[in-house]
Amino acid sequence: MRVNRKSLLAAGAVAVVATLGLAGCAGSDSGSDAESTTSGKLTVWVDSERVDALQGAADAYTEKTGVKVDLVGKDVADIKDDFIQQVPTGKGPDIVMGAHDWLGELSTNGVVAPLELGDSAGDYLPVAIDASTYEGTVYMLPYAVENIAMLRNADLIPEPASSFDDMLAKGKAAGLDHPFVVEQGAEGNPYHLYPFQTAFGAPVFGSGAEGYNPDDLQLGNTGGEQFATWLGSQGKNGTGAFNTDIDGDIAKEAFTSGKAAFWLTGPWNVGAAVDAGINVAIDPIPSPTSEAAQPFAGVKGFFVSAESKNKVAANDFLVNYIGTEDVQLELFKAGNVLPALTAAAETASSDPIVAGFATVGADAVPMPAIPAMGQVWQYWGIAEAAIINGADPVATWQKLASDVQAAIDAG
Amino acid sequence: MSTATDDVREDAPPKAPKPTKQQRRAASIADQASGGIKMLLIKIVALGIVDALALFAVFVLISHEQWLVTGVVVAVTALVNWIYFSRRKLPAKYLTPGVIFLVVFQVFVLGYTAYIAFTNYGTGHNGTKEQAVSSLMASSLERVPDSPTYGVTVVERGDELGLLVTDPDGEALVGTNEEPLHEASGAQFDGDVAVSADGWTSLKFADVLARTDEVTALAVPYSDDPNDGAIRTPDGSKGYLYTSTLEYDAEAGTMTDLSTGTVYSDTGVGAFTAEDGTKLLPGWQITVGFDNFVRAITDTRLSGPLVYVTLWTFAFALLSVATTFFLGLFLAIVFNDMRMRGRKYYRTLMILPYAIPSFLSALVWAGMMNQSFGFINQVLLGGADIPWLTDPWLAKVSILLVNLWLGFPYMFLVCMGALQSIPEDIQEAATVDGAKPWAVFRLIKLPLLLVTVAPLLIASFAFNFNNFNTIYMLTDGGPRDANAPIPVGFTDILITMVYKVAFTGQTRDYGLASAYSIIIFIVVAVISIIAFRRTKSLEELN
């Protein structure tokens with residue numbers, strides 16, 4: 001009798017859960033498309049950390065136009081894939097926050113709508129507008145420009161280094177085993193090595209008026225070979241300045257504990273260094289050649305969904321509200337990344353650290369957003385890691401170039 | 001329920017004759033007598049909750065016009081009610097929840113994966129043809145270089161929308177989709193921008209928003225010559241002059257590039273394709289038959305790595321099962337020995353790895369095995385320089401070691417339970433007959449143990465065959481095979497290789513990934529079936 005009662009209870013409970021599961025599945029199938037069908041409401045997917053910064057602009061916009069703006073905080077790692085998958089089904093948001101190097105993928109999938117900035121295009125930093133443009137069309141309203149720069153422990157080394165060798169010499173003179181750290185890891189990290197590569201005159205792709213040209217792979221040119229040779233000389237069998245055992249955390253630890261005086265990293269790590277009590281100065285990246293070391297610029301911004309039912313409101317909200325100095329400064333406070341609007345960038349540059357990154361960023365080149373870039377990343381770091389660890393630089397570099405070309409041709 | 005029905009169930013041999021009418025009546029009387037009002041209440045409340053949830057789901061589904069799913073939910077709910085209110089559906093009462101879970105989480109997922117494997121779903125083939133056309137048309141619009149910004153007001157005449165455009169000279173012009181811009185009569189200005197004209201009603205911003213689709217479709221020809229372009233307004237207050245570089249011919253189903261004259265047509269590959277094979281992207285989703293499977297097996301860039309990745313996958317899965325099983329068994333035997341003191345504490349310690357999420361511990365291990373900074377080299381081995389994760393062979397050993405650490409507690413638990421269920425007297429009898437301990441273990445204990453454990457070993461093999469977490473978190477497949485034309489490493493197993501092939505970079509290929517998943521599924525299923533057949537022979541020992 002007791003067993004029977006229990007079994008019924010258990011069966012009932014399981015049935016409830018099962019139906020809940022069913023209802024849950026069914027619900028999630030179609031849970032979020034109500035937003036985009038009703039007019040007068042904009043759904044905006046935002047990086048969770050920036051919801052608060054945008055709330056003011058959203059409220060102001062609602063007050064002026066009566067259009068409700070619904071900010072949905074999303075995990076950065078999922079935003080892009082969710083967006084690409086949901087837009088074709090008619091679901092998904094009207095506006096999504098993202099990075100410019102998504103553009104190739106978003107546009108190839110046909111999920112973003114072109115955006116007309118009109119005359120206001122001139123109000124943004126040129127690199128931000130370049131990055132927002134894909135095949136001659138602007139798709140993104142930029143709000144922040146991000147690039148790496150050299151962080152220096154000003155208590156250990158009071159003067160900026162004039163060149164890469166000078167930097168190592170200064171560090172040695174100060175008695176440091178590892179004067180300079182940069183994030184690498186077993187698979188390499190080409191993003192952080194790119195400034196040195198550009199100093200040798202070896203961009204990944206050639207570029208024209210419409211942006212980067214995927215048919216013009218420049219990676220394997222003579223500059224690239226010189227860079228590879230230099231990289232080998234700074235690796236395991238050389239000065240040891242680069243080490244694939246150093247990942248992001250180890251680099252951070254070395255700099256914040258004062259074991260390293262120079263750290264090549266982005267604004268996202270400045271907070272950790274300042275919190276650790278380091279007297280941080282931001283320098284241009286010391287070049288190994290006479291040319292400037294140009295890092296990649298990553299631009300963040302907002303895209304309008306191709307399937308949005310509220311394109312007019314979405315355009316109006318982005319161009320006329322997010323594109324204002326106040327909102328760009330609010331977003332700046334949330335992320336401490338240089339605003340894309342020139343006026344806001346100037347205001348933000350009163351902070352010496354932001355100004356330091358902005359100075360380096362003036363030389364930065366937009367990270368290529370073309371889909372062919374995906375074929376580069378997957379071989380690039382591995383080749384660089386191999387060179388750092390003692391592989392023959394020129395041969396490895398040539399293999400890299402031919403692998404990338406083959407992958408682009410196949411893909 | 002009743003003891004009577006239970007008795008019927010328990011006593012009845014598999015092919016028992018149907019209960020007679022009298023027996024059934026007796027059973028139902030007993031059922032009513034023993035069920036009690038409390039049971040009935042609980043049953044009604046539980047089913048009430050189920051029905052309420054189903055009703056809620058139905059309303060939500062209807063509001064989204066998901067008719068098929070609605071039908072399924074209604075049918076399943078009705079079935080559940082019928083089964084639990086019926087008096088004589090005891091087996092169904094136990095089976096239904098499991099079957100529902102099976103369908104939702106296994107059959108549906110498998111079916112959907114199979115469906116995707118036959119499509120070209122992936123980057124550039126993401127939606128329908130209509131979406132591809134509209135997206136291509138939208139991106140083919142180019143603003144006329146150096147053209148000014150026009151102030152615009154959206155106006156209406158009858159049901160027709162038009163644009164009231166103020167050109168840079170301050171002149172007011174009006175036009176519609178059919179009617180090119182011409183001078184507007186009686187224009188009223190607010191500042192520099194014309195806001196109303198005779199014969200037209202001006203739309204308020206809220207009206208513009210409500211008719212967004214019509215407003216975004218508005219393209220007012222600048223003049224009679226279509227090459228001059230058309231004025232469009234993205235935000236309802238400013239207009240720009242655009243020309244289009246593509247022309248869509250809906251009847252012929254072709255896209256024409258107006259600048260080069262190239263004609264792109266639908267050749268059945270899911271994208272507008274020119275004669276020389278260039279595709280316009282985005283394309284759309286189509287079913288491609290067995291193309292993905294053919295590609296999965298014949299792609300020349302993949303076939304080389306595929307061979308050794310497959311070999312390593314088998315080696316990894318087999319060795320993982322073998323090492324964890326024997327270590328677990330050894331420890332179980334040791335801790336099962338009465339002479340061992342403090343067994344309880346040791347057992348707790350043994351289970352510890354089991355309590356930490358495997359992907360977390362894999363990451364921790366990756367840190368500890370770092371060549372120059374890792375705990376193992378620096379502290380345990382006094383500054384040794386062992387490339388745990390960067391040497392092809394050592395990386396394989398490291399993976400097996402970490403997987404051993406992650407997996408032995410499970411085998412330890414399983415073996416301990418199985419060992420305790422083997423009767424002591426068997427061992428005693430063998431000892432009396434003069435058998436040595438090793439012979440007792442090898443000839444008596446191990447076979448008996450395997451009867452219970454073998455199915456779990458097969459399941460464990462299937463799990464390790466697809467053990468994505470450990471590989472991804474520990475080495476990410478590395479060290480990379482620099483000679484392979486695809487980004488594959490020496491410790492990649494099939495599932496991580498598939499992940500890299502289908503999802504690295506900016507190109508996703510869900511179709512190809514699904515085809516691979518299905519191939520892997522078939523491999524695992526075949527091996528499991530063969531293995532289960534063979535373990536049946538073990539059961540004859542009992």
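Residues numbered from 1 in each chain as written. Chains lettered and ligands numbered in written order. Predicted model: local features only at pLDDT ≥ 70, side-chain atom pairs only at ≥ 80, totals over all residues. Heavy atoms only, no water.

Caption draft 1: Up close: the overall build of chain A. When helices and strands are tallied, chain A shows 17 helices and 16 strands. With the principal axes as the frame, chain A shows a C-alpha extent of 75 × 70 × 50 Å. Within chain A, counting contacts between residues at least 6 apart in sequence, those at least 24 apart form 76% of the total. Total accessible area on chain A is roughly 14,900 Å²; 51% of this is exposed by carbon and sulfur atoms. Across chain A, the 21 positively charged side chains and the 52 negatively charged ones have centroids separated by 13 Å. (Helix = DSSP H or I, 4+ residues; strand = E, 2+ residues; numbered from the N terminus. Contact = heavy atoms within 4.5 Å. Areas by Shrake-Rupley, 256 points an atom, 1.4 Å probe, with all protein chains shown as cover. Lys, Arg positive; Asp, Glu negative; His and termini not counted. Charge placed at Lys NZ, Arg CZ, Asp CG, Glu CD.)

Caption draft 2: View of the sheet that holds strand E9 (residues 180-182) of chain A. Residue and element names in this part refer to chain A. Spatially, E9-E12-E8-E13 is the arrangement adopted by the four strands of the open sheet, whose pairing is mixed. A single partner strand is all that each edge strand has here, and the edge strands are E9 and strand E13 (280-283). Between one strand axis and the next, the sheet turns through 25° on average, direction left out of account. As defined by bridge partners, strand E8 (residues 149-153) adjoins E13 across four bridges and the pair is classed as antiparallel. Bridged to Arg152 within E13 is Ala281. (Pairing = 2+ DSSP bridges. Axes fitted to C-alpha atoms, helices over the stretch in contact; angles between N-to-C directions.)

Caption draft 3: Local environment of the nonpolar core. Of all hydrophobic cores here, the largest spans 150 residues; its most connected members are Phe180(A), Phe196(A), Phe242(A), Phe302(A), Phe317(A) and Trp380(A). One finds Ala296(B), Phe408(B), Met416(B) and Leu457(B) within the second-largest nonpolar core, a separate group that totals 41 residues. (Core = buried A, V, L, I, M, F, W, Y, C linked by side-chain atoms within 4.5 Å. Buried < 20%, exposed > 50% of the residue type's maximum accessible area, 1.4 Å probe, protein only.)

Caption draft 4: Focus on the packing of aromatic side chains. Residues and elements named next belong to chain B. For the coordinates displayed, the defined rule picks out 47 aromatic pairs over all chains. Taken together, a centroid distance of 5.8 Å and an interplanar angle of 80° make the contact between Phe335 and Phe412 edge-to-face. Of this pair, Phe335 sits in helix H9 (residues 300-336) while Phe412 is found in helix H13 (residues 392-420), placing the two residues 77 residues apart along the sequence. The pair formed by Phe335 and Phe412 is uniform in burial state, with each residue classed as buried. Stacked on the ring of Trp312, the Lys or Arg Lys396 has its end atom at 5.4 Å from the ring centre. A cation sits over an aromatic face here: Lys396 above Trp393, 4.8 Å from the ring centre. (Phe/Tyr/Trp six-rings, centres within 6.5 Å; stacked < 30°, edge-to-face > 60°. Lys NZ or Arg CZ within 6 Å of the ring centre and 35° of its normal.)

Caption draft 5: Up close: empty space enclosed by the protein. All names here are of chain A. Summed over the entire model, instances satisfying the criterion amount to four cavities of 30 Å³ or more. Taken as a whole, the largest cavity holds about 80 Å³ of empty space. There is about 50 Å³ of room inside the second largest cavity. Around the second largest cavity, the lining residues are Val145, Glu146, Asn147, Pro267, Asn336, Val337, Leu338, Val354 and Phe357. (1 Å grid on protein atoms, 1.4 Å probe; cavity = no way out; pocket = protein on both sides within 12 Å on 5 of 7 lines; lining within 4 Å. Points joined across faces, edges and corners; volume = space filled by probe spheres on them.)

Caption draft 6: Representation of H9(B). Between its first and last C-alpha, H9(B) extends 54 Å over 37 residues, near the 54 Å set by a 1.5 Å rise per residue. The sharpest bend along H9(B) comes to roughly 35°, located at Leu306(B). (Expected span 1.5 Å × (residues − 1). Bend = angle between axes of the 7 residues up to and from the residue.)

Caption draft 7: The arrangement of the packing of helix H3 (residues 67-85) of chain B against helix H4 (residues 90-117) of chain B in detail. Residues and elements named next belong to chain B. Packing of H3 against H4 leaves a shortest axis separation of 10 Å and a crossing angle of 160°. As the angle between them shows, H3 and H4 are arranged roughly antiparallel. The handedness of the crossing between H3 and H4 is left-handed. Together, Val76, Val80, Ile83 and Tyr84 of H3 and Ala92, Lys93, Thr96, Pro97 and Ile100 of H4 make up the contact between the two elements. Here the residues of the contact of H3 with H4 are counted per class, giving seven nonpolar, one polar and one charged. (Parallel < 35°, antiparallel > 145°, perpendicular 65-115°, else oblique. Left-handed = near helix turned anticlockwise from the far one by under 90°. Nonpolar A, V, L, I, M, F, W, Y, C, P; charged D, E, K, R; others polar.)

Caption draft 8: Region of the structure containing the pairing of strand E14 (residues 263-266) of chain B. Residue and element names in this part refer to chain B. Both strand E13 (residues 254-257) and E14 contribute to a ladder of three bridges, which runs antiparallel. Each bridged residue has a counterpart across the sheet, and for Thr254 the counterpart in E14 is Ser265. Between E13 and the antiparallel strand that follows it, E14, lie five residues; Gly261 among them carries a positive phi value of about 80°. Sheet topology places E14 next to strand E15 (residues 272-273); two bridges connect them, and they run antiparallel. Looking at the pairing, Ser265 lines up with Thr273 of E15. Counted between consecutive antiparallel strands, the loop separating E14 from E15 contains five residues, among which Gly268 sits at a positive phi close to 85°.

Caption draft 9: Structural detail: helix H13 (residues 325-335) of chain A. What H13(A) keeps buried is the set Val327(A), Gln328(A), Leu329(A), Leu331(A) and Phe332(A). A positive backbone phi angle near 55° is found at Asn336(A), which sits one or two residues after H13(A).

Caption draft 10: Focus on unusual backbone geometry. Cis peptide bonds are those with omega within 30 degrees of zero, and the linkage from Leu281(B) to Pro282(B) qualifies with 5°. By the secondary structure assignment, Pro282(B) is in the loop between strand E16 (279-280) and helix H8 (291-298). Not every positive phi belongs to a glycine, and Glu135(A) is a case in point at roughly 50°. With respect to the helices, strands and loops of the structure, Glu135(A) is situated in the loop between strand E5 (133-134) and strand E6 (137-138). The exposed category is assigned to Glu135(A), whose relative accessible area is 52%. Of note in this structure, Asp146(B) is not a glycine but carries a positive phi near 60°. Assignment of secondary structure puts Asp146(B) in the loop between strand E1 (141-143) and strand E2 (150-157).

Caption draft 11: Layout of the sheet that holds E16(B). All names here are of chain B. In space, the five strands of this open sheet follow the order E12-E13-E14-E15-E16, with antiparallel pairing throughout. Two strands bound the open sheet, and with one partner strand each, they are strand E12 (246-249) and E16. Here E12 runs beside E13; their pairing, made up of four bridges, is antiparallel. Each bridged residue has a counterpart across the sheet, and for Asp249 the counterpart in E13 is Thr254. Of the strands in this sheet, E12, E13, E14, E15 and E16 are in contact with helix H5 (residues 129-139), which crosses E12 at around 150°.

Caption draft 12: Geometry of the side chain of Asp403(A). If you trace the backbone, Asp403(A) turns up in helix H17 (residues 393-410). A residue is classified by how much of its surface remains accessible, and Asp403(A), at 14% relative accessible area, is buried.

Caption draft 13: Geometry of a nonpolar patch on the surface. On the surface, Tyr94(B), Leu95(B), Val99(B), Leu102(B), Val103(B) and Val107(B) cluster together into a nonpolar patch covering about 550 Å² of accessible area. Locating Val99(B) in the fold gives a position in helix H4. (Patch = residues over 30% accessible without salt bridge, like charges linked within 9 Å, V, L, I, M, F, W, Y side chains within 5 Å. Salt bridge = Lys/Arg side-chain N within 4 Å of Asp/Glu carboxyl O.)

Caption draft 14: Here's a closer look at the pattern of salt bridges. For the structure on display, the rule yields 19 salt bridges over all chains. Put simply, Lys399(A) and Asp403(A) hold a salt bridge, and the shortest N to O gap is 2.7 Å. Of the two residues, Lys399(A) and Asp403(A) both sit in helix H17, four residues apart, roughly one turn of that helix. Overall, Lys399(A) belongs to the partly exposed group, its relative accessible area being 28%. In the salt-bridge network here, residues are joined through shared partners; they are Glu156(B), Arg211(B) and Glu214(B).

Caption draft 15: The arrangement of the packing of H9(B) against helix H15 (residues 437-465) of chain B in detail. Residue and element names in this part refer to chain B. It is at 10 Å that the axes of H9 and H15 come closest, and there the two elements cross at 140°. By the angle between their directions, the pair H9 and H15 is classed as oblique. For the element pair H9 and H15, the recorded crossing hand is right-handed. In contact with Thr313, Phe314, Phe316, Ala317, Leu318, Ser320, Val321, Phe325, Leu329 and Ile333 of H9, H15 contributes Phe441, Leu446, Leu449, Leu450, Val453, Leu457, Ser460, Phe461, Asn464 and Phe465.

Caption draft 16: Examining the environment of Val307(B) more closely. All names here are of chain B. Within the secondary structure layout, Val307 lies in helix H9. Overall, the relative accessible area of 53% leaves Val307 in the exposed class. As a C-alpha pair, Val307 and Arg295 span 12 residues in sequence and 15 Å in three-dimensional space.

Caption draft 17: Molecular detail of the side chain of Ser132(A). All names here are of chain A. With respect to the helices, strands and loops of the structure, Ser132 is situated in helix H6 (residues 126-132). In terms of polar contacts, Ser132 uses its side chain to reach the backbone carbonyl oxygen of Ala128, at 2.7 Å. Residues contacting Ser132, with those up to four places away along its chain left out, are Leu103, Thr137, Val138, Tyr139, Met140 and Pro142. (Polar contact = N/O pair within 3.5 Å; in protein donor to acceptor, adjacent residues only side chain to side chain.)

Caption draft 18: Spatial organisation of a positive patch on the surface. Residues and elements named next belong to chain B. Together, Lys21, Arg24, Arg25 and Arg88 make up a region of like positive charge exposed at the surface. Relative to the elements of secondary structure, Arg24 occurs in helix H2 (residues 21-63). Judged by relative accessible area, Arg24 falls into the partly exposed class, the value being 35%.

Caption draft 19: Layout of the environment of Phe303(A). Residues and elements named next belong to chain A. When you line up the elements, Phe303 lands in strand E14 (residues 296-305). Accessibility expressed as a relative area gives 0% for Phe303, which makes it buried. C-alpha separation for the pair Phe303 and Ala292, spaced 11 residues apart in sequence, amounts to 32 Å.

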